[in-house]
Amino acid sequence: MSGQFTTAELRAAIGNLRQGKSPGHDNIHPEFVTHQSETTSAWLCSFFSSCFQRSKLPKTWRRAAVIALLKPGKTAEDPKAYRHISLLCVPFKILERMILSHIEPVVDPQLPREQAGFRRGRSTVDQVTLLTQDIEDSFQAKEKVGVVLLDLTAAYDTVWHRGLHLKLLRTIPDRHMVKFIMEMLSNRSFILRTSDGQRSRLRRLRNGVPQGSVLSPLLFNIYIHDLPETTSRQYGYADDLAIMLRRTTWSAVE
């Protein structure tokens, strides 16, 4: 891609912003950007272009405010009983959407058809329907069916940056774009906030892709797109994977 973003791309990204959401560390609300003037939009577009050309980002965009919410029916004393929500800076989220619009048409055709997570025209309904139909077809053929369901723990948080960098280089032909994406992922930090107003000290992140980021699902799909092929069928949705095999006997399925 060129080193310049267009105002049309900026307007499209802003149009996809969800209103009423909490701001990030910079306290800029989505409504501020949605109702900004044409002059401000032109300046912001120029600023994004400068960030891309220099592969530099404001430090505040790398910091997230993480809110810990207790899961229903869980005990408050267990740290694993909380669901964390990352609040990212709105300008950073707009820039991510603009980057996504450039790389998605290049990346999506390279992803395996078994992966339906966060892809246009695909959903969990497709995978559940396909798996159910395959099981029914097997029963009609008087075959045995075995299914293994896999769910990766802390999948987004454990993405290895060096491995992701290598796979991005193999997937995206623009090396400067890859460099900028890795710059967006590097030197990130967060502060944890609780519902009663307590705050943690600043924590640094060395791996993972940002929770709540519109770019993270595609980056994760790239990270796991080279899962080895097997004799069984695969049905994937992001970090959830089902593996199904049909044979005439249970021993063959095992």
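Residues numbered from 1 in each chain as written. Predicted model: local features only at pLDDT ≥ 70, side-chain atom pairs only at ≥ 80, totals over all residues. Heavy atoms only, no water.

Naming follows an unreviewed UniProt entry, where the chain appears as Reverse transcriptase domain-containing protein of Muraenolepis orangiensis.

Draft legend 1. Fine view of the overall build of the chain. Scanning the chain for helices and strands turns up nine helices and seven strands. Over its C-alpha atoms, taken along the principal directions, the chain stretches across nearly 70 × 50 × 35 Å. A buried classification covers 39% of the 254 residues belonging to the chain. Carbon and sulfur atoms make up 53% of the accessible area of the chain, which amounts to about 15000 Å² in all. (Helix = DSSP H or I, 4+ residues; strand = E, 2+ residues; numbered from the N terminus. Buried < 20%, exposed > 50% of the residue type's maximum accessible area, 1.4 Å probe, protein only. Areas by Shrake-Rupley, 256 points an atom, 1.4 Å probe, with all protein chains shown as cover.)

Draft legend 2. Highlighting the packing of aromatic side chains. For the structure on display, the rule yields eight aromatic pairs. Measuring from ring centre to ring centre gives 5.7 Å for F118 and Y237, while their planes differ by 40 degrees; the resulting arrangement is tilted. In this pair, F118 sits in the loop between α4 (90–107) and α5 (124–140) while Y237 sits in strand β6 (residues 233–237), placing the two residues 119 residues apart along the sequence. Taking relative accessible area as the criterion, Y237 reaches 23% and is therefore assigned partly exposed. Cluster of aromatic residues (ring-pair linked, three or more members): W43, F47, F48, W61 and F92. (Phe/Tyr/Trp six-rings, centres within 6.5 Å; stacked < 30°, edge-to-face > 60°.)

Draft legend 3. Quick look at the packing of α4 against helix α7 (residues 175–185). One can describe the packing of α4 onto α7 by two numbers: an axis separation of 12 Å at closest approach and a directional angle of 150 degrees. As judged from the angle between their axes, α4 and α7 are roughly antiparallel. In this structure, α4 crosses over α7, and the sense of that crossing is left-handed. Where α4 abuts α7, its residues F92, L95, E96, I99, H102 and I103 lie against M177, F180, I181 and M184. Among the residues making up the contact of α4 with α7, the classes are represented as eight nonpolar, one polar and one charged. (Axes fitted to C-alpha atoms, helices over the stretch in contact; angles between N-to-C directions. Parallel < 35°, antiparallel > 145°, perpendicular 65-115°, else oblique. Left-handed = near helix turned anticlockwise from the far one by under 90°. Contact = heavy atoms within 4.5 Å. Nonpolar A, V, L, I, M, F, W, Y, C, P; charged D, E, K, R; others polar.)

Draft legend 4. Representation of the sheet that holds strand β2 (residues 82–87) in the model. Strand order across the open sheet formed by four strands is β2-β1-β4-β5, with mixed pairing between neighbours. Both edges of this open sheet fall to β2 and β5 (203–205), since each of them pairs with a single strand only. Mean inter-strand twist for the sheet, computed between neighbouring axes without regard to direction, equals 35 degrees. Pairing of strand β4 (residues 188–193) with β5 involves three bridges; the strand directions are antiparallel. For R188, the partnering residue across the bridge sits in β5 and is L205. (Pairing = 2+ DSSP bridges.)

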